[in-house]
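# Commentary on secondary and tertiary structure
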Amino acid sequence: MFGSHKVKIEGELLEKVKQCSDAAGYESVDEFVIHMLEKETNKILPQDESNTSKEDIQKRLRGLGYIE
Amino acid sequence: MIILGVDGLDPDLLTKFMAEGKMPNFAKLAEQGSFRRLTTSIPPQSPVAWSNLITGMNAGGHGIFDFIHRDPKNFQLYFSTSKVEGPAHSFSIGKWVIPLGSGSAEQLRHGKAFWEILDENHVHNFVYRIPANFPPIDAKGKTLSGMGTPDLRGTYGTFTFYTDDPTAAVGAVEGGEVVQVDVKNNRVTTNLIGPDNTFLRNAPPSTEPFTVDVDPLESVARIDLQGQKFVLKEGEWSGWLPVEFQLMPFIGNVKGICRFYLKQAHPRFQLYVSPINIDPSNPALPISTPSSYSRDLAKEIGEYHTQGIAEDTKALTAGVLDDKEFLQQSHTVLAEHRRAFDAEFPKFHEGLFFFYFSSLDLNAHMLWRLTDPQSPSYDAAAAAQYGGALEEFYEQIDQVLGEVMARLDSDTTLLVLSDHGFAPYRHSFNLNTWLWKNGYITRKEGFTGDATQPFADVDWSRTRAYGIGLNGLYLNVRSREREGIVEVGAPADALLREIQQKLLDIRDPKDGSPVITRVDLASEVYQGPYARSGPDALVGYNRGYRSGWQTILGQFPPDVMEENTNPWSGDHCMDYTKVPGVLLSNRKIPAQTPALTDIAPTILSEFGIAKTKEMMGQSVFQTR
């Protein structure tokens, strides 16, 4: 359904990516790049309305005496 | 200048107690100076009211409309005055998630606080636990955050109750958790529940083990928490115990403090543990300016509640603490505030000294039923035993005032004020249920999802209005709400007026009383850049009535009206004209109808500082 896409990273950028990936403890450059892309796309696109996070927020709010 | 900010100090109760000779210092102050009713905020909720006082603006200026706000794009609900978030970036190693950077706490109130302006003008100031100041804004003076400060778990107070009673309702309760334990060979082995461990995938709650050895014969128990061993008798509270939650070995830990109460050793084991408070000696989140002040205060007076609303009303509501035990805990809170007052007040020699007390508000919420025979939760036996409890808190505040007046000189202006008064809360009105039954909300038929989620089954394509928070009425506006259908302009105005009139026409079927006595339109009562950011209308309930418990978070109880049988039996989230606060001073106050928005200009005027152009009011000492 979603397909796949290849991206080529080379030269200085590749060196930087490798350094960051090593420093942050990722198991591979691929894992690091995918994770960074996930983070950036989540900032741009609407977040999924996770029921878990909504529940968490409501749980916190229910600690207020005004609410049951 | 000295200001005592006494949350919820009610003018009618004050008048009564003064007349009965129970508050001689207030009586003296009123006689020698002035006593006025203080117009509260629209709506009369503490975060709104204190924000009015702090900024000199109403909600249109400071952007705080209720305890609860919503994001119109996704209906995410959130606490109005502050946001606490984890780090924006992290990476994973196996099961571990490593944050890159620390989390953040953000102050959401807009506008300049009066003490910021005092700082700019080099006026020394001290501000203790003023609400709606978490995280505390940058300040030159000492400030400590109050209402709005979370516990270590990021909630507004989550207690834990450990019991071996097999009939206990185990799991999450409102404001707490009930944990089933076993007493094996007279020992309980269990865990304290801490903040979510965001170092782990799925962020489960962190835990720290502790053991309780229950004496087989005597009603005592010995508790061992991280090497701290102490004994409690049945009915005894511990002091504050530090606890460290290890989130990631050698790298991440977070410190808090908590108190234990041994409710029962035999025949059932029952142990209450307070919400884990941020440790003032090692704060995990910013709670003071300078950052060292919370620690310095703890060194001077001992550890203290840092949680914004410290009185554990939820534990009383859940029946985990009874009236006596709740009062013990409440008195501890006031005792801490008085120790802080006794430590700080002698140091005051110049500038502004602002000190806040929460006790009258939280105890009026919980104890109103003990002096209100018409309350659905009135209990004659409890009333006979504890009916004087609220009065005792009022008397303690009078004692504090006496300490202030003993030091007052002719150069010092004293104000004693409250953000709102109080009224009985006997009946609930479920606004969202009313909107649904009157065709303003359409709900999907055959919905099988989780109905406890806000507006879980609402068909927004056929919904014109909804309620969120304690007083907020919103239209489902096109281009504002995610699936808005009401056109801005004349259609929205007409719809709002229609709903306004219908709400005002509602009568209690039991006795014909009006349930709602005013509905203020935001466009008419709010001024400032945020006037259109909050509710479209504010529902003002008559005395005795309040928004129901579930409708606040977008749920639909089956009935429009319900009896309020909760011990939380007094409230103020009503028609603002029916719950004014108080303003007393050692000086004559020419203003006959001062308001909260006059206080910031008053403070500035005392120090020869002009109010800002955004401030709506004027000094209460100015002849009008």
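In this text, all values refer to a predicted model and were calculated from it rather than measured experimentally.

All right, on to the overall build of chain B then. Of regular secondary structure, chain B possesses 15 helices and 35 strands. Considered along the principal axes of its C-alpha atoms, chain B spans approximately 70 × 70 × 55 Å. Considering chain B as a whole, with its 624 residues, one finds that 52% of them fall into the buried category. When contacts within chain B are restricted to residue pairs at least 6 apart in sequence, long-range pairs at least 24 apart make up 65% of them.

Looking only at helices and strands, one finds 3 helices and 0 strands in chain A. When the helices and strands of chain A are listed from N to C terminus, the series reads α-α-α. Residues counted as buried form 13% of the 68 residues belonging to chain A.

A word on the sheet that holds strand β10 (residues 142-144) of chain B. Residue and element names in this part refer to chain B. Judged by pairing direction, the sheet is mixed, and its 8 strands sit side by side in the order β2-β35-β26-β1-β25-β9-β10-β24 without closing on themselves. Taken across any chain shown, the strands that pair with only one partner, and hence form the sheet edges, are β2 (34-38) and β24 (288-289). Relative to β10, strand β9 (residues 125-128) runs parallel, the two sharing 3 bridges. Counterpart to F126 in the pairing with β10 is K142. Helix-sheet contacts for helix α11 (residues 389-407) involve β1 (2-6), β25 (352-357) and β26 (414-417), and the interaxial angle to β1 is about 175°.

The next thing to look at is the sheet that holds strand β30 (residues 516-521) of chain B. Residue and element names in this part refer to chain B. As summarised here, the arrangement of the 4 strands in space is β28-β29-β31-β30, forming an open sheet in which the pairing is antiparallel. Each edge of the open sheet is held by one strand with a lone partner, namely β28 (465-468) and β30. When the angles between neighbouring strand axes are averaged without regard to direction, this sheet yields 25°. Where β28 lies against strand β29 (residues 472-475), 4 bridges are found, and the strand directions are antiparallel. By the bridge assignment, Y466 is partnered in β29 with Y474. Across the sheet, helix α13 (residues 490-504) is in contact with β28, β29, β30 and β31 (537-541); its angle to β30 comes to roughly 165°.

Let's shift gears to helix α3 (residues 46-55) of chain B. All names here are of chain B. Across the 10 residues of α3, 10 count as buried, placing the element largely inside the fold. The inward-facing, buried residues of α3 contact α4 (59-62), α5 (114-120) and α15 (599-606). G56, located one to two residues past α3, shows a positive phi value of around 75°.

Take the domain arrangement of chain B next. Residues and elements named next belong to chain B. Examined at the domain level, chain B breaks down into domain 1 (2-64 + 109-150 + 287-422 + 579-606), domain 2 (159-278) and domain 3 (434-577). Taken together, the contacts link 14 residues of domain 1 with 15 residues of domain 2. Elements supplying a minimum of two residues to the side of domain 1 that touches domain 2: α7 (313-317) and α8 (323-344). Here the side of domain 1 that touches domain 2 takes 3 residues from α7, the largest share from any one element. Class assignment of the residues belonging to the side of domain 1 that touches domain 2 gives a composition of 5 nonpolar, 5 polar and 4 charged.

Residue and element names in this part refer to chain B. It is at 9 Å that the axes of helix α9 (residues 359-367) and α11 come closest, and there the two elements cross at 170°. It follows that α9 is roughly antiparallel to α11 by the angle criterion. Between α9, through S359, L360, N363, A364 and L367, and α11, the contact on the second element is made entirely by A389, L390, F393, Y394 and I397. Class assignment of the residues belonging to the contact of α9 with α11 gives a composition of 8 nonpolar, 2 polar and no charged.

Moving on, we come to α8(B). Residue and element names in this part refer to chain B. With 22 residues, α8 extends 31 Å from end C-alpha to end C-alpha; this agrees with the ideal 32 Å at 1.5 Å per step. Every buried residue of α8 is listed here: F326, L327, Q329, S330, V333, L334 and H337. On an axial view of α8, the arc spanned by its buried residues comes to 165°, and they lie on one face. Here the buried face of α8 lies against α7, β25, α9, α10 (380-386) and α11.

Here we take up the nonpolar core. All names here are of chain B. Of all hydrophobic cores here, the largest spans 177 residues; its most connected members are F114, Y272, F354, V416 and V539. With 8 residues, the single largest contributor to this core is α11. With near-sequence residues (within four places) excluded, V416 lies in contact with L4, V6, L29, L401 and L584.

Here the focus is the environment of B:L108. Residues and elements named next belong to chain B. The topology assignment puts L108 in the loop between β8 (104-107) and α5. In sequence terms L108 and F79 are 29 residues apart; their C-alpha atoms lie 9.5 Å from each other. Not counting chain neighbours up to four residues away, the residues in contact with L108 comprise G63, S80, T81, S82 and K83.

This brings us to the environment of B:S291. Looking at the secondary structure, you find B:S291 in the loop between β24 and α6 (293-301). Separated by 57 residues in sequence, B:S291 and B:E234 place their C-alpha atoms 38 Å apart.

About the thresholds
- Residues numbered from 1 in each chain as written.
- Chains lettered and ligands numbered in written order.
- Predicted model: local features only at pLDDT ≥ 70, side-chain atom pairs only at ≥ 80, totals over all residues.
- Helix = DSSP H or I, 4+ residues; strand = E, 2+ residues; numbered from the N terminus.
- Buried ≥ 20, exposed ≤ 12 C-beta atoms within 10 Å, placed from the backbone.
- Contact = placed C-beta atoms within 7 Å.
- Pairing = 2+ DSSP bridges.
- Axes fitted to C-alpha atoms, helices over the stretch in contact; angles between N-to-C directions.
- Domains from an automatic or database assignment.
- Nonpolar A, V, L, I, M, F, W, Y, C, P; charged D, E, K, R; others polar.
- Parallel < 35°, antiparallel > 145°, perpendicular 65-115°, else oblique.
- Expected span 1.5 Å × (residues − 1).
- Arc of directions from axis to C-beta.
- Core = buried A, V, L, I, M, F, W, Y, C linked by C-beta atoms within 7 Å.

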